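# Remarks on the overall topology
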Amino acid sequence: MFWDHRLTQICKENENLSKYSTYEIGGMARFVAKPRRTEDIVLLLEQAQSSGMQTVMFGMGSNLLLPDHPDPETIYISMRDHIEVMPRGDLLYVSAGTPLSMLSLFGDLSGFTDYHFTFLLPGTLGGGVYMNAKYFDNVMCDYLDTVYYIDLEAPGRGIQSIRTDDCQFAYKQSIFQHQPWFITGADLKLKTAGAAFDFERINDYLNRPLVKESIDNSSLASFYRFYRSYLSSLEQGNQPVPEAMMNVVLDRTGKNHFEYPSCGSVFKNDYTIGTPVGKLVESVGLKGTVRGKAMISPVHGNVIQNRGGATAADVIELIKIVQEALHKSFNFVPEPELVIVK
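Description of the structure in this document. (Residues numbered from 1 in each chain as written. Predicted model: local features only at pLDDT ≥ 70, side-chain atom pairs only at ≥ 80, totals over all residues. Heavy atoms only, no water.)

### Let's talk about the overall build of the chain
Within the chain one finds 9 helices and 16 strands. In terms of overall dimensions, the chain has a C-alpha envelope of 55 × 55 × 40 Å along the principal axes. Split into buried and exposed, the 342 residues of the chain put 55% on the buried side. Excluding contacts between residues fewer than 6 apart, the proportion of contacts in the chain whose partners are at least 24 apart in sequence is 65%. Entry remark: accessible area of the chain is about 15300 Å², with carbon and sulfur atoms responsible for 48%. Of the side-chain charges in the chain, 31 are positive and 39 negative, and the distance between the mean point of each set is 5 Å. (Helix = DSSP H or I, 4+ residues; strand = E, 2+ residues; numbered from the N terminus. Buried < 20%, exposed > 50% of the residue type's maximum accessible area, 1.4 Å probe, protein only. Contact = heavy atoms within 4.5 Å. Areas by Shrake-Rupley, 256 points an atom, 1.4 Å probe, with all protein chains shown as cover. Lys, Arg positive; Asp, Glu negative; His and termini not counted. Charge placed at Lys NZ, Arg CZ, Asp CG, Glu CD.)

Structure (structure tokens):
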């Protein structure tokens, strides 16, 4: 395939997709691209369109099940290198590939707590906007001012923008799930009166070698070690450790979220049912169910783990087992929040 010379540094051939997903699942892809700048994304999409290639775009692969047998006519585009942070008046522009958990550190480095709820949330800003990420009472849309995107059907139009009020945000819902629009970044706002982003300190932190290394890694175990080490460094420096961050650590480690490769919660909760999916799965005795090398977590019924060598087919089989069991017992078919790439 002919590539524009500007893309030769960001496109790779014959890459295993398993290293681009927190599930550590995925076969050998013919093409994988890792754009570094927004211009690279536009160029990639135009190249794919002119070549008749399909595209699959994703961040850290934390809410994604990549295929066992990738389509050779598809370019898989990982946004993990697309990290740009810059001030825009009293707002902070953050690109789509920036890790969500990094937002919590931006706040801590600047001396405020607005984004502590994103601590230990795997995934990128783009994914967080797309799914309207939520942790207890905090929801992503409350912190957004403007979202920037590319229309995948007309990438030549360049970057477009939409105000938060027009994004149709709801529980794990957004307009981006219903339009061929790919998020490239967003302007973030602060809810704390008088707070301000310390841009210089944020930028200095992002340029540290260990930070860059951690970003280029979808391993949940490595992800947890890196962010937990941030709190340890505060402790060792006799600095106060934010209580909100420690509460997140206790909550997520208590659910064994980082013990095995997974995507976290597989299904959306339906609040009209009144009981979380994990509890329903437990009530029908499915925790610990195994298919191939995948297992429904024995600790949390809404998590399916890769116990070592699981395939996408193994995970999909367990998803169907859960859906059939809950439909039979409760006349309720849970909707996956996991995005399954065919």
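### Section: the nonpolar core
Ranked by internal contacts, the top residues of the largest apolar core, which has 54 residues, are M102 and F176. Ranked by residue count, the leading element in this core is helix α6 (residues 220-236), at 8 residues. When neighbours within four sequence positions are excluded, F176 is seen to be in contact with V129, Y130, V147, Y149, I162, C167, W181 and I183. (Core = buried A, V, L, I, M, F, W, Y, C linked by side-chain atoms within 4.5 Å.)

### As for the pattern of salt bridges
Considering all chains together, one arrives at 13 salt bridges under this definition. The salt bridge partner of R30 is E73, with a shortest N-O separation of 3.3 Å. Residue R30 is found in strand β2 (residues 28-33), and its partner E73 is found in the loop between β4 (64-65) and β5 (74-78); the two are separated by 43 residues along the sequence. A relative accessible area of 32% places R30 in the partly exposed class. D187 is paired through a salt bridge with R88; the nearest N and O atoms lie 3.2 Å apart. Of the two residues, D187 sits in strand β12 (residues 181-188) while R88 sits in strand β6 (residues 85-88), which places them 99 residues apart along the sequence. Given a relative accessible area of 33%, R88 falls into the partly exposed group. (Salt bridge = Lys/Arg side-chain N within 4 Å of Asp/Glu carboxyl O.)

### A word on the packing of helix α2 (residues 100-110) against α6
α6 packs onto α2 with a crossing angle of 15° between their chain directions and a minimal axis gap of 11 Å. Judged by the angle between their axes, α2 and α6 are roughly parallel. The handedness of the crossing between α2 and α6 is left-handed. Judged by residue contacts, S101, M102, L105, D108 and L109 of α2 engage F223, F226, Y227, Y230 and L234 from α6. (Axes fitted to C-alpha atoms, helices over the stretch in contact; angles between N-to-C directions. Parallel < 35°, antiparallel > 145°, perpendicular 65-115°, else oblique. Left-handed = near helix turned anticlockwise from the far one by under 90°.)

### Quick look at the sheet that holds strand β3 (residues 54-58)
Reading across the sheet, the 4 strands line up as β1-β2-β5-β3 and stay open at both edges, with mixed pairing between neighbours. Strands with a single pairing partner mark the edges of an open sheet, and in this sheet they are β1 (11-16) and β3. Averaged over all adjacent pairs, the angle separating strand axes in this sheet is 35°, with direction ignored. In this structure, β2 lies alongside β5, joined through 3 bridges in parallel fashion. From the neighbouring strand, F31 faces β5, where its bridge partner is I75. Helix α1 (residues 38-51) contacts β1, β2, β3 and β5 of the sheet and is inclined by roughly 155° relative to β3. (Pairing = 2+ DSSP bridges.)

### A closer look at the sheet that holds strand β7 (residues 91-95)
Here we have 5 strands laid out as an open sheet, ordered β6-β7-β12-β10-β11, and antiparallel in their pairing. In this open sheet, the two edge strands, each paired with only one partner strand, are β6 and β11 (160-163). Averaged over all pairs of adjacent strands, the angle between strand axes in this sheet comes to 30°, irrespective of strand direction. Pairing geometry for strand β10 (residues 144-151) and β11, over 4 bridges, is antiparallel. Note that in β11 the partner of V147 across the bridge is I162. The sheet contacts of α1 involve β7, β10 and β12, and relative to β10 the element is tilted by about 30°. Its contacts with the sheet place helix α4 (residues 199-206) against β6 and β7, and it is angled at close to 170° to β6.

### Let's talk about the state of the cysteines
Scanning the model with the defined rule gives 0 disulfides in all. This cysteine, C141, is not joined by any disulfide, and C167 carries the nearest cysteine sulfur, 9.0 Å off. (Disulfide = S-S within 2.5 Å.)

### Examining the environment of E24
Counting through the fold element by element, E24 comes out in the loop between β1 and β2. Sequence separation between E24 and L65 is 41 residues; the distance between their C-alpha atoms is 9.0 Å. In contact with E24, not counting residues within four places along its chain, are S18, S219, P261 and N306.

### A closer look at the pairing of β12
Of all the 8 residues making up β12, 8 are buried; the element is thus mostly covered by neighbouring parts of the structure. In this sheet, β12 lies alongside β7 in antiparallel orientation, the contact comprising 4 bridges. Counterpart to V94 in the pairing with β12 is A186. As paired strands, β10 and β12 are joined by 7 bridges and run antiparallel to one another. Bridge pairing links Y148 to G185 in β12.

### Focus on the side chain of S101
Assignment of secondary structure puts S101 in helix α2. Here L121 takes part through its backbone oxygen, which lies 2.9 Å from a polar atom of the side chain of S101. The contact partners of S101, leaving out residues within four places of it in the chain, are T118, F119, L120, L121, P122, F223 and Y227. (Polar contact = N/O pair within 3.5 Å; in protein donor to acceptor, adjacent residues only side chain to side chain.)

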